[in-house]
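# Per-entry structural report
One letter stands for each residue in the lines below.
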Amino acid sequence: MPNAILDPTGGAGPALASAPDGAPGGALAPRRADLAGARVGLLVNTKQNADLFLAEVGRLLVERHGAASVLARTKVNFAQPAPEDLLKELTTECDVVITGIGDCGSCSASAVTDGVLLECRGTPAAVICSDAFRGSADAIAGLRGAPGYRYATTPHPVAVLNPDQVRDRAAAVLPDVVALLVAAAGAS
Amino acid sequence: MPGSARLDPDLAQLAIEHCYEQDWSDGLPLVPVSQPLLDRFLAQSSRGPQEIIGSLEQVGRECTVELAAINAAMAGCRPEYFPVVLAAFEALMLDRAARGGGFQSTSGPAPLIVVNGPVRGELGFNAAGGAFGPGFRANATVARSVGLIVRNVFGIKPQVLEQATQGLPGRWSICIAENEEESPWEPLAAEAGLPAGTSAVSATLLRTCEFVDNRHTQDPQQVLWDFADTISRTGALIFKETSCGVVFCPEHAQLLAGAGFTKNDVKDWLIEHCGRTQAELRRAGKDGVSENHVRFAADEPGVGESGGGFTRILPSRQHVPVMVAGARNAAISMVVRVFGLWSGTPVAVETRADAAAAAS
């Protein structure tokens with residue numbers, strides 16, 4: 001009987017903890033019928049143009065969809081998931097949260113992670129990634145126990161856009177963001 | 001050939017193909033690892049197989065001594081290299097960028113691993129001709145081990161969680177031994193505070209390496225200006241400041257030392273002279289500096305910078321690691337462009353005596 005060939009990976013491993021109780025993610029937070037009166041949170045990841053992009057999305061949600069307010073917060077380390085105190089503030093103070101821009105290898109993954117973490121804590125999230133980072137975004141959703149987690153994309157690149165172009169991008173992605181945050185028409 | 005006649009190449013090929021099919025390979029053939037081989041690796045260290053030597057929070061993975069050993073064996077290491085692999089991995093994980101998003105980055109950075117001390121000679125690490133490789137088993141396989149750990153243990157694979165735009169030649173293959181014997185300066189590990197004669201490994205992530213060929217002058221200022229030009233190129237400048245080291249060949253190092261330059265004198269000279277004028281930065285669309293220190297094309301000249309003059313880019317000696325490697329046959333050195341910031345902390349290599357004492 002020959003020796004077995006050893007596995008160098010340590011196995012696939014359990015899905016990463018996403019919920020506060022250590023459970024993996026996967027369940028979406030309950031959706032509202034619409035965004036009228038909703039308190040919108042922005043989780044800005046410091047990537048170039050992320051602040052303006054998300055601020056414009058927030059502004060348009062107020063102007064066009066009747067959202068009540070916008071609360072912007074910045075996470076310092078774009079490569080890592082948002083810290084627990086920041087998640088707690090956003091889930092306490094906001095009804096829905098927009099995160100992004102997933103515009104690099106590590107920050108696309110961590111933006112999706114933030115979305116899954118927010119959903120587990122009961123707050124609907126809309127993650128915005130550059131469309132060049134779907135591979136990384138989809139992979140981390142699987143690791144976080146939420147395979148197939150849906151997010152919005154904006155065409156690559158984002159960092160080099162001027163302010164008017166960023167506002168145009170925000171307007172373009174707005175319908176997808178709204179669709180991610182509200183219950184589908186006819187759904188119970 | 002009584003020895004090789006007993007070996008079965010057909011069985012070996014099947015095992016190698018099995019490893020490819022499991023998606024464990026970096027593209028090159030792997031050594032299939034069995035328990036007896038793993039045991040020989042583990043016997044080289046006093047550390048327990050389940051001891052955790054590094055973790056990456058954002059992907060939820062931890063590397064144990066045993067997993068590191070399997071990957072080192074797969075990479076082609078001899079068992080006695082394993083303490084160097086452990087030190088190299090530990091040294092790399094001291095780099096903040098490696099613990100952050102470095103392995104996932106679009107820039108696809110490569111570890112630079114530097115070996116100091118007697119372990120170089122004992123295990124056959126090349127410090128002289130062709131220091132950046134290829135051709136030497138210890139150098140090549142220690143570097144490859146780190147790449148396989150990132151791929152297999154952390155689960156960061158190209159085009160998935162690893163998003164390198166182009167990557168770079170030499171990723172997972174840059175492990176140099178310092179040429180302490182022909183260096184006029186103290187070795188990197190000693191400079192960082194370890195006792196002389198300690199075997200140790202230092203590591204950081206690199207964006208790339210770029211040669212400086214100056215066999216043209218004996219004037220140390222002219223030589224250093226040639227380095228300053230490569231170090232100061234705008235294409236490499238992403239942030240307000242940068243970090244950039246030099247692996248000097250013995251000839252350049254001896255020329256500078258002969259003119260009275262200590263290592264710190266070289267660093268200070270480069271800190272003083274590396275940089276660009278505001279006009280040059282503006283020409284490349286990198287004259288503005290945002291609140292988070294990222295450069296951008298400013299609308300108006302002078303935005304985000306003090307004055308319009310010369311902007312220095314290397315803020316401190318820690319940002320300019322200096323070491324010596326290569327042959328003394330030409331004045332050709334390597335500028336090594338650091339991705340984040342070298343921790344400045346070498347990790348001592350556990351010796352066989354250490355491991356034996358712990359086992360007894």
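Before reading on, note that the structure itself is shown above.
Residues numbered from 1 in each chain as written. Chains lettered and ligands numbered in written order. Predicted model: local features only at pLDDT ≥ 70, side-chain atom pairs only at ≥ 80, totals over all residues. Heavy atoms only, no water.

## Some remarks on the overall build of chain B
Applicable threshold: Strands here mean DSSP runs of E at least two residues long; helices mean DSSP runs of H or I at least four residues long; both are numbered from the N terminus. Atoms considered for the radius of gyration are the C-alpha atoms alone. The globule rule reads 2.2 Å times the number of residues to the power 0.38. In this analysis, two residues are considered to be in contact whenever any of their non-hydrogen atoms come within 4.5 Å of each other. Charged residues are defined narrowly, with Lys and Arg counted positive, Asp and Glu counted negative, and His plus the chain ends left uncounted. Charge positions come from single atoms, namely NZ of Lys, CZ of Arg, CG of Asp or CD of Glu.
The number of helices and strands found in chain B is 14 helices and 13 strands. For a compact globule of 360 residues, the expected C-alpha radius of gyration is about 21 Å, and chain B comes in at 22 Å, within 12% of that figure. Here the C-alpha coordinates of chain B stretch approximately 70 × 45 × 40 Å along the principal axes. Summarising the internal contacts of chain B: among those between residues at least 6 apart in sequence, 80% fall at separations of at least 24. Within chain B, one finds 29 positive and 40 negative side-chain charges whose respective centroids are separated by 2 Å.

## Observations concerning the interface of chain A and chain B
Note the cut-off: When two parts are brought into contact, each loses some accessible area as probed by a 1.4 Å sphere; the total of that loss over both is the buried area. Think of a polar contact as two N or O atoms within 3.5 Å of one another; within protein, one of them needs to be a possible hydrogen donor and the other a possible acceptor, and neighboring residues in sequence only count if both atoms come from side chains. All amino acids are sorted into three groups, where Ala, Val, Leu, Ile, Met, Phe, Trp, Tyr, Cys and Pro are nonpolar, Asp, Glu, Lys and Arg are charged, and the leftover types, Gly among them, are polar.
Residue-level contacts link 28 residues of chain A with 34 residues of chain B. The largest contributions to the chain A side of the interface with chain B come from Ile 5, Leu 6 and Pro 8 of chain A, which together make up 29% of the buried area. Between chain A and chain B we count eight residue pairs in polar contact (both at pLDDT 80 or more) in total. Contributions of two or more residues to the side of chain A that touches chain B are made by helix 3 (105–120) and helix 4 (134–143) of chain A. Of the residues forming the side of chain A that touches chain B, the biggest block, five residues, is contributed by helix 4 of chain A. Of the residues in the side of chain A that touches chain B, the class split is 15 nonpolar, eleven polar and two charged.

## Side note on the packing of aromatic side chains
Spelled out, the test is: Between the rings of Phe, Tyr and Trp (Trp by its six-membered ring), a pair exists once the centres lie within 6.5 Å; its type follows the angle of the planes, with under 30 degrees stacked, over 60 edge-to-face, and the other angles tilted. For the exposure calls, accessible area comes from a 1.4 Å probe over protein chains only, and a residue counts as buried if that area is under 20% of its type's maximum, exposed if over 50%, partly exposed in between. We call a charge positioned over a ring when the NZ of a Lys or the CZ of an Arg lies within 6 Å of the ring centre and within 35 degrees of the ring normal.
Throughout the structure, instances matching the rule amount to eight aromatic pairs over all chains. Judged by centre distance (6.2 Å) and plane angle (50°), the ring pair of Tyr 81 of chain B and Phe 125 of chain B falls under tilted. Placement of Tyr 81 of chain B in the loop between helix 4 (65–75) and helix 5 (82–93) and of Phe 125 of chain B in the loop between helix 7 (119–123) and helix 8 (137–153) is noted, with a sequence separation of 44 residues between them. With centroids separated by 6.0 Å and ring planes inclined at 45°, the aromatic side chains of Phe 89 of chain B and Phe 154 of chain B adopt a geometry described as tilted. Here Phe 154 of chain B lies in the loop between helix 8 and strand 4 (175–177) and Phe 89 of chain B lies in helix 5, a separation of 65 residues in the sequence. For the residue pair Phe 89 of chain B and Phe 154 of chain B, the accessibility class agrees, reading buried in each case. By the ring-pair criterion, three or more aromatic residues cluster together here, those being Phe 89, Phe 103, Phe 154 and Trp 172 of chain B. The ring centre of Phe 78 of chain A lies 4.2 Å from the NZ or CZ of Lys 47 of chain A, which sits over that ring.

## Concerning the nonpolar core
Short version of the rule: Take the buried residues of types Ala, Val, Leu, Ile, Met, Phe, Trp, Tyr and Cys, join any two whose side-chain atoms come within 4.5 Å, and each joined set is a nonpolar core.
Formed by 85 residues in total, the largest nonpolar core has its most connected members in Val 112 of chain A together with Phe 82, Val 84, Phe 103, Phe 125, Val 142 and Phe 154 of chain B. Among the elements that make up this core, the one with the highest residue count is helix 5 of chain B (ten residues). Setting aside chain neighbours within four positions, we find Val 112 of chain A in contact with Val 127, Cys 129, Ala 137, Ile 140, Ala 141, Tyr 149 and Tyr 151 of chain A. Core analysis: the second largest hydrophobic core is formed by 29 residues, Leu 42, Leu 60, Ala 67 and Ala 126 of chain A among them.

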